[in-house]
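Spelled out, the chains give:
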Amino acid sequence: MASCHVSLIVGFFGILSIDWTLSVIPGRQYNNFCNIIVLCLGCCIEASPTSEEEVPQFWNIKGKDALLTALELKPNVNRAKNLILFLGDGMGITTVTAARILKGQLAGRTGEESVLAMDTFPYVALSKTYNVDQQMPDSAGTATAYHTGVKANYGTLGLNAASRRGNCNSAKGNEVKSVLHRARMAGMSVGIVTTTRVQHASPAGSYSHSADRDWYGDAELPTAAAQSGCKDIAYQLVHNTDINVILGGGRQYMFPKGTPDPEYSSSSGSRLDKLNLVDLWLTNKTVSSRQSNAHYVWNKDQLDAVDANKADYLMGLFEPKDTRYELYRDKKTDPSLSEMMEKAIKILRRNPKGFYLFVEDDGRIDHGHHDSEAKLSLTEAVEFDRAIARAAELTSELDTLTVVTADHSHVFSFGGHSVRGNSPLGISRKLAFDMKPFTTALYGNGPGHNIVNGSRAYVNETIQSAAPLDSETHGSEDVAIFAKGPMAHLFHGVQEQSYIAHAMAYAGCIEPYNDCSVEPLPTLPGHAWAAMKGTQGAVAWGRCFAQ
């Protein structure tokens with residue numbers, strides 16, 4: 001089929017019209033007529049290459065510019081005062097690429113040439129994600145690896161591989177401590193920000209020790225486990241580690257059963273032990289430090305009202321369970337990941353000893369992939385990258401090590417005769433052998449496997465899958481690690497996922513690397529280095545100055 005060459009504007013509105021069609025047709029199913037229209041649009045969305053891209057000099061200049069940047073790159077070997085770990089739950093390399101294209105298309109470009117904030121990080125490595133007992137990992141075993149430096153079994157949190165999932169007694173004596181916990185013990189401020197419930201596997205790996213990731217609250221804790229002395233994850237959240245900032249979802253696990261939710265009349269607390277963990281947390285912060293300024297919030301207005309220059313502790317729980325997808329977020333009542341992260345950094349950075357912050361989106365990226373709803377996953381990934389960019393504006397690369405990675409990937413791919421500027425959520429410009437269109441994005445398995453009368457159904461908004469499953473699975477391949485800042489050069493080559501915790505602990509001279517042989521940053525008042533920022537002096541001296 002011959003390609004159509006039309007303007008990017010027409011292509012962009014073509015994508016919007018496809019999305020509108022999907023949203024209004026009952027059952028979101030195409031009929032034959034709609035398929036023909038969509039197929040034609042998929043062809044016509046192709047964007048003509050810009051005139052500059054047709055000239056060899058354009059690519060030669062880009063290549064030389066990248067080469068000069070690489071030649072000028074020098075490792076920052078100073079100690080990292082601050083540590084930020086961005087975790088894209090389920091953000092495999094394919095998701096990164098698709099999110100890059102979507103970001104560019106949302107800005108009115110073809111998308112492939114777009115640049116994510118994480119793309120600008122100078123050091124990149126690969127992380128081997130397998131669990132000790134499983135080739136295909138889960139978010140709990142991987143969380144234990146990148147938080148603590150010790151690989152673990154599938155479904156377990158904060159425990160070494162000698163523990164067994166669901167066996168409370170196997171947890172005893174097999175606990176491993178996270179870098180976040182060790183940073184707090186060293187006097188740094190610490191925080192977790194997530195778009196999932198704060199008891200979810202990824203953030204919980206930083207503070208809990210649980211034989212089962214699903215023990216969110218005591219209502220989910222088996223009787224035998226409770227009788228053996230095991231505690232649910234929500235209980236551990238307020239007892240194990242003195243965390244300064246906790247932002248995400250998960251209200252229901254913090255309040256006694258029957259406690260009305262402040263936002264939804266159909267929801268209420270679920271705790272059977274009648275503990276109000278939020279009140280307990282607030283009381284403990286007041287008792288432990290008479291001068292502490294602790295706050296609990298549950299909506300955006302309350303979060304915005306918290307004075308980051310005065311608050312010492314902040315807990316914000318914005319949904320009973322996970323927060324809403326970015327695509328469906330109520331911008332008036334629900335804070336975005338970027339907004340939560342910004343508040344966290346402004347509170348934590350007041351500590352002269354530095355801070356450790358864990359930021360997770362892609363908990364919802366992960367969930368979108370499981371449902372084979374790539375549209376939800378990719379919009380989450382774009383917001384995730386927006387948070388990474390905002391963090392760069394709030395911190396200094398001179399004293400802050402920032403690492404971006406994923407816990408695992410998904411069986412998600414895209415390609416299949418897609419023209420330049422094709423939406424990663426679009427369809428191929430060619431028909432399959434059954435004379436039906438197919439999505440260029442595909443899942444290896446999942447709910448998108450749809451056979452009608454013995455043949456493949458027409459495409460709908462659920463991306464097509466090869467094998468039928470109720471929920472799409474994780475992938476088993478390596479994921480990327482992006483790093484910048486002090487000791488970022490330690491992230492190189494192909495590493496075990498557990499290496500991430502070791503490199504970050506070493507960069508910050510945190511246990512067990514308290515005496516790491518790196519040059520500490522000299523102390524300067526305020527932001528003395530900022531006066532030199534952007535000058536030749538900053539290049540020569542900037543690495544020596546603290547923020």
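The rules behind each value
- Residues numbered from 1 in each chain as written.
- Predicted model: local features only at pLDDT ≥ 70, side-chain atom pairs only at ≥ 80, totals over all residues.
- Heavy atoms only, no water.
- UniProt positions renumbered as here; feature names shortened; annotations may be inferred.
- Helix = DSSP H or I, 4+ residues; strand = E, 2+ residues; numbered from the N terminus.
- Polar contact = N/O pair within 3.5 Å; in protein donor to acceptor, adjacent residues only side chain to side chain.
- Pairing = 2+ DSSP bridges.
- Axes fitted to C-alpha atoms, helices over the stretch in contact; angles between N-to-C directions.
- Expected span 1.5 Å × (residues − 1).
- Buried < 20%, exposed > 50% of the residue type's maximum accessible area, 1.4 Å probe, protein only.
- Disulfide = S-S within 2.5 Å.
- Contact = heavy atoms within 4.5 Å.
- Core = buried A, V, L, I, M, F, W, Y, C linked by side-chain atoms within 4.5 Å.

In the nomenclature of an unreviewed UniProt entry, the chain corresponds to alkaline phosphatase from the organism Denticeps clupeoides. UniProt, in the comment section headed Subunit (unreviewed entry), describes the chain in these words: "Homodimer." Listed under Subcellular location (unreviewed entry) in UniProt, the entry text for the chain is "Cell membrane".

## Focus on the side chain of Thr 400
In this fold, Thr 400 is placed in strand 8 (residues 400-406). Among the polar contacts listed, one links the side chain of Thr 400 to the side chain of Asp 399, at a separation of 3.0 Å.

## Observations regarding the sheet that holds strand 13 (residues 465-468)
Taken together, the 3 strands give an open sheet; going across it, the order is 9-10-13, and neighbouring strands pair in mixed fashion. At either end of the open sheet lies a strand with only one pairing partner, and these are strand 9 (412-414) and strand 13. Adjacent strand axes in the sheet meet at a mean angle of 20° when their direction is disregarded. Pairing geometry for strand 10 (residues 441-446) and strand 13, over 3 bridges, is parallel. Paired with Gly 446 across the strands is Pro 468, a residue of strand 13.

## A few points about helix 14 (residues 374-394)
Three- or four-residue spacings in an α-helix give side chains the same orientation, since the helix completes a turn every 3.6 residues. An ideal rise of 1.5 Å per residue puts 30 Å on 21 residues; helix 14 measures up with 30 Å between its terminal C-alpha atoms. Among the 21 residues in helix 14, 15 count as buried, and that is most of the element.

## Structural notes on the state of the cysteines
Scanning the entire structure with this criterion turns up 1 disulfide. A disulfide bridge connects Cys 168 with Cys 230, and the sulfur atoms are separated by 1.9 Å. What sets the handedness of the Cys 168 and Cys 230 disulfide is the S-S torsion sign, and at about 105° it is right-handed. Pair noted here: Cys 168 is in the loop between helix 5 (139-148) and helix 6 (179-185) and Cys 230 is in the loop between helix 8 (223-227) and helix 9 (233-239), with a separation of 62 residues, a long-range link. With relative accessibility at 14%, the residue Cys 230 sits in the buried group.

## Some details on the sheet that holds strand 4 (residues 245-249)
With mixed pairing, the 10 strands of this open sheet are ordered in space as 5-6-4-3-7-1-8-14-2-15. Each edge of the open sheet carries a strand with a single partner, namely strand 5 (294-297) and strand 15 (494-496). Taken over all neighbouring pairs, the strand axes of this sheet differ in orientation by 15° on average, direction set aside. In this sheet, strand 6 (residues 313-317) lies alongside strand 5 in parallel orientation, the contact comprising 4 bridges.

## As for the pairing of strand 8
The buried fraction of strand 8 is high, at 7 of 7 residues. Sheet topology note: the strand 1 (residues 82-88)/strand 8 ladder contains 7 bridges and is parallel. Each bridged residue has a counterpart across the sheet, and for Ile 84 the counterpart in strand 8 is Thr 402. Pairing of strand 8 with strand 14 (residues 479-484) involves 4 bridges; the strand directions are antiparallel. Bridge pairing links Thr 402 to Lys 484 in strand 14.

## A word on the environment of Leu 157
Residue placement: Leu 157 occurs in the loop between helix 5 and helix 6. For Leu 157, a relative accessible area of 0% gives the class buried. Distance in space between the C-alpha atoms of Leu 157 and Ala 145 is 9.3 Å, their sequence separation being 12 residues. In contact with Leu 157, not counting residues within four places along its chain, are Ala 140, Ala 143, Thr 144, Ala 201, Ala 204, Gly 205, Ser 208, His 209, Ser 210, Arg 213 and Ile 233.

## With respect to the nonpolar core
Among the nonpolar cores identified, the biggest contains 53 residues, and Leu 237, Met 254, Tyr 356, Leu 401, Phe 491 and Met 504 are the most heavily contacted of them. Residue contributions to this core peak at 6 residues, all from helix 15 (residues 499-507). Core analysis: the second largest hydrophobic core is formed by 38 residues, Leu 303, Ala 311, Leu 314 and Ile 347 among them.

## Concerning the UniProt feature "binding site: Mg(2+)" (unreviewed entry) in the chain
Residues given the UniProt feature "binding site: Mg(2+)" (unreviewed entry) here are Asp 89, His 200, Ser 202 and Glu 360. Taking the farthest pair of C-alpha atoms as the criterion, the annotated set spanning 272 residues converges on one region, since that pair is 11.0 Å apart. Among the secondary structure elements, Ser 202 is positioned in helix 7 (residues 201-204). Contact partners of Ser 202, with chain neighbours within four places excluded, come to Leu 87, Asp 89, Ser 139, Ala 143, Tyr 146, His 147, Phe 358, Glu 360 and Asp 407. Here Asp 89 takes part through its side chain, which lies 3.1 Å from a polar atom of the side chain of Ser 202. Among the secondary structure elements, Glu 360 is positioned in strand 7 (residues 355-361). We classify Glu 360 as buried; its relative accessible area is 0%. What Glu 360 contacts, discounting residues up to four positions off in sequence, is Leu 87, Asp 89, Val 193, Thr 194, Thr 195, Thr 196, His 200, Ser 202, Pro 203 and Leu 337.

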